[in-house]
Amino acid sequence: MTKKPGSLAALPVGGMAVISRVRGQRAVVRRLLEIGLVPGTEVTLRRVAPMGDPIELKLRNFALSIRRAEALGIDVE
Amino acid sequence: MTPRRTVLVAGNPNSGKSTLFNALTGARAHVANYPGVTIDRVAAPLTARDGSTIDLVDLPGTYGLSARSREEQIAVDALLGRDLPAPQAVVVVVDAAALGRALFLVIEILATGVPVVVALNMSDEAARDGIVIDIARLAAMTGAEVVPTVATRGEGLAALGAAIERAAAKPPTDAPFLERPAGLTIDIAELEAAILAEGVLDRPGAARAWACWLLLSLDDNGDDDLAGIPPGLRARTLAIRRRAAEAGRNVDLEIISSSYRRVDAIVAAVVRRAPEERRRLTDRIDSVLTHGLYGGAVFALVMMVVFQALFTWSEPAIALIESGVTGVQALAAAALPPGPLTRLLIDGVIAGVGNVVVFVPQIGLLFLFIGLLEDSGYLARVAFVIDRLMRSVGLNGRAFVPMLSGFSCAVPAVMATRTIESRTDRLLTMLVLPLMSCSARLPVYVLITATVFAPGTRFGLLSAGAVLLFSMYMLSVVAALTAAAVLRRTVLKGPGAPLVLELPPYRLPAPRVLLANAWQRVRAFLVGAGTVILALTIVLWALLSYPRVPAAGDQLRHSFAGRLGHVIEPAIEPLGFDWRIGVGVIGAFAAREVFVSTLAIVFDIESGEEGNEPLREALRAATWPDGRPLMTPLAGVSLMVFFVLACQCMSTIAVVRRESGTWRWPLFMFAYMTVLAYGASLVVYQAGARLGWGLS
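In this numbering scheme, every chain counts its residues from 1 along its sequence in written order. Starting at A for chains and at 1 for ligands, labels are handed out in the order in which the entities are written. For this predicted model, a pLDDT threshold of at least 70 governs which residues receive local features, and a threshold of 80 or more governs which side-chain atom pairs are given and counted, while totals over whole chains, interfaces and linings are taken from all residues.

**Things to note about the overall build of chain B**
Helix numbers and strand numbers start at the N terminus; a helix is a DSSP run of H or I with at least 4 residues, a strand a run of E with at least 2. Looking only at helices and strands, chain B features 30 helices and 12 strands. A compact globule built from 696 residues should have a C-alpha radius of gyration of about 26 Å, and chain B, at 29 Å, falls within 12% of that. Once the C-alpha set of chain B is aligned to its principal axes, its extents read approximately 90 × 60 × 50 Å. Three exposure classes are used. Buried residues have 20 or more other C-beta atoms within 10 Å of their own C-beta, exposed residues have 12 or fewer, and partly exposed residues fall in between, all C-beta atoms being placed from the backbone. Counting over 696 residues, chain B shows a buried share of 47%. Think of it this way: build a C-beta for each residue from its backbone, and any pair within 7 Å is a contact. Across chain B, contacts joining residues at least 24 apart in sequence account for 72% of those joining residues at least 6 apart. This radius of gyration counts C-alpha atoms alone. The globule rule is 2.2 Å times how many residues there are, raised to the power 0.38.

**Things to note about the overall build of chain A**
Helix and strand counts for chain A stand at 2 helices and 6 strands. Shown N-terminal to C-terminal, the secondary structure of chain A runs as helices and strands in the order β-β-α-β-β-β-α-β. Taken over C-alpha atoms, the radius of gyration comes to 11 Å for chain A, in line with the 11 Å a tight globule of 77 residues would show. Seen along its three principal axes, the alpha-carbon backbone of chain A occupies a region of about 30 × 30 × 20 Å. Relative to its 77 residues, chain A shows a buried fraction of 48%. Nonlocal contacts in chain A, meaning residues at least 24 apart in sequence, comprise 51% of its contacts between residues at least 6 apart.

**Observations concerning the pairing of strand β1 (residues 5-11) of chain B**
Residue and element names in this part refer to chain B. The buried count for β1 comes to 6 of 7 residues, which makes it a mostly enclosed element. Strands qualify as paired when DSSP identifies two bridges or more between them. Two elements, β1 and strand β4 (residues 53-58), share 5 bridges in a ladder whose sense is parallel. Counterpart to V7 in the pairing with β4 is L56. Summarising the sheet, β1 and strand β5 (residues 89-95) pair through 5 bridges and their orientation is parallel. Following the sheet pairing, L8 is matched in β5 by V90.

**Considerations on the domain arrangement of chain B**
Taken domain by domain, chain B consists of domain 1 (5-169), domain 2 (182-251) and domain 3 (517-691). Computed from C-alpha coordinates alone, the two centres of domain 2 of chain B and domain 3 of chain B are separated by 55 Å. Domain extents, as shown, originate in an automatic or database domain assignment.

Here it is in structure tokens:
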């Protein structure tokens, strides 16, 4: 597994990474943290919607879809 | 007998919480509002074995307790017993397969010190996926009773009921449940002491939980909509947050991360997972259903079936209700002596009840379909696939199904916006939805087209009627999407809530659950919006029938509505409408198709049957006082455009009133749609007249 820090949005389909930081507007960040996207969590990018956005993630044994705009603020390594 | 006790039922969305709630309580639910907000507070009595009653209250589905709006605040207020009776216990319904996320809410609720029962729901699914949960260990690590359940099949309910009774008999605890980072612990302790000193809460455990919530929820610039927080505490909270930020600490992250650390520790200790990949079936289905090509085809097919069903399957039931109402009216007319009271009963009350009941088939059908789509997991995929498109006009992927249903009828469609999580997104969808050309506009289009164009009139290869009809539908879609884009940038400004969409595994929905949910929606409509519709029908009837004049046939001209038609004539003349059309438009407020029958009354035509040919003749022959024909093709198009855009429907207004909880939004909607309709018709008629189009 690569250890390069980058954005979750840049992960290839099927790629797995560990969240290191969540940035953005406070309410949005709080929402993402509460649903389980806390630093240290393993995330896999499962698929991308037909029109390129949103994306589907797998974390904590459930499937979650968020938009690229939010994924860009999630740093992974 | 012991005094009445309250037990809350909390859980993530998609955890099967409401299904479990209904299964536990039967059909005895009683719906009211939470104080100050328009969220349904669903409560139902549960009879304990000792004969006493426990009030079970269904909390809205949530992932965490933090809040920005009063709607989100009700969860914490209910848990801590602010403005409401404090609960004796809380049942937290969790998806057994996704404990790694679901336990977060359990931890947050445990931190309040209220006794907790964990309903390990969908435990069959978890077992099938090779997930083994050490229930005794989970109970020991959380201090909560843990009961495996399968809500859709009613499994584990007796054990859950017994656990609820035991929990409700336990006292709350004030022992700290969570280890927080040192700095945060000091912050929380300081705020906890301040809360106790203010006397807002008297139990240390509750005060500690509230302190956490305040730190997590209050906006640094006061830009939140949270109520019931003493100014002193607000200032204290913000000061603590500032102090932490200056020390380079992120309080939000510290609170949520420390809770999740506990979640991860528990999951590591109690969950054993088979090595194989979970949800392989769901994955395989998704690789087809969210595929660009096949997914698109399935999507189009499913939406067409829903759409078609709403249109045609509801038709026989609607026809039956309408003939039933006519029958009852005839019976009443025969049985009762003629007089104003009988008229009120027949044309006001019975017609009004008919106007309400006539929506039931479509509401019931739509909610059966939405239940089917939602419980099977497909609705989330619809949102996933279409979100990009909807977002371009500021809407959410979840707005698609309600918008599509708008083609059938705005009333059930407005109710369907409940599947949209964020209140702003929901309001936006509700406000533009009535622009979608509903089926009640169709009779109006048909009458006008057939009146102003001789049969066989063609525009190129296509018949004039088809072109016009298509144009009206296009106009309605363009208007709705444009209105959404404009409202999002003006009235409902804001970044919009982020899309946080769980994609649950595909499941077979339980018919019993689908039927129960559809019935709940129908009942909510009958109670909440039905009463307003009934009242408005009576008012409208009175406007058209009073004051009475002795000469028959002249009644309408002298009625309030007739006079109103004359009053507004100068205003609608630039659109190409005279007072008679004006009366028709006023009458159409009851329901758009009533336009046809109101016009029939205006032109004094006996029941316009058989394609309304006599009415068409009368309309074609009608002239302005100076002899110009009234219904020119241009006036017809102007009138159709007006009907596309105007909010000529009291039922829509009533249902938006119910769903938004205030009169402000339905009135705003009525105003902007009327202005839009007037403006567009004005442009069409005046521009057309200048260019000399369609004047004869």
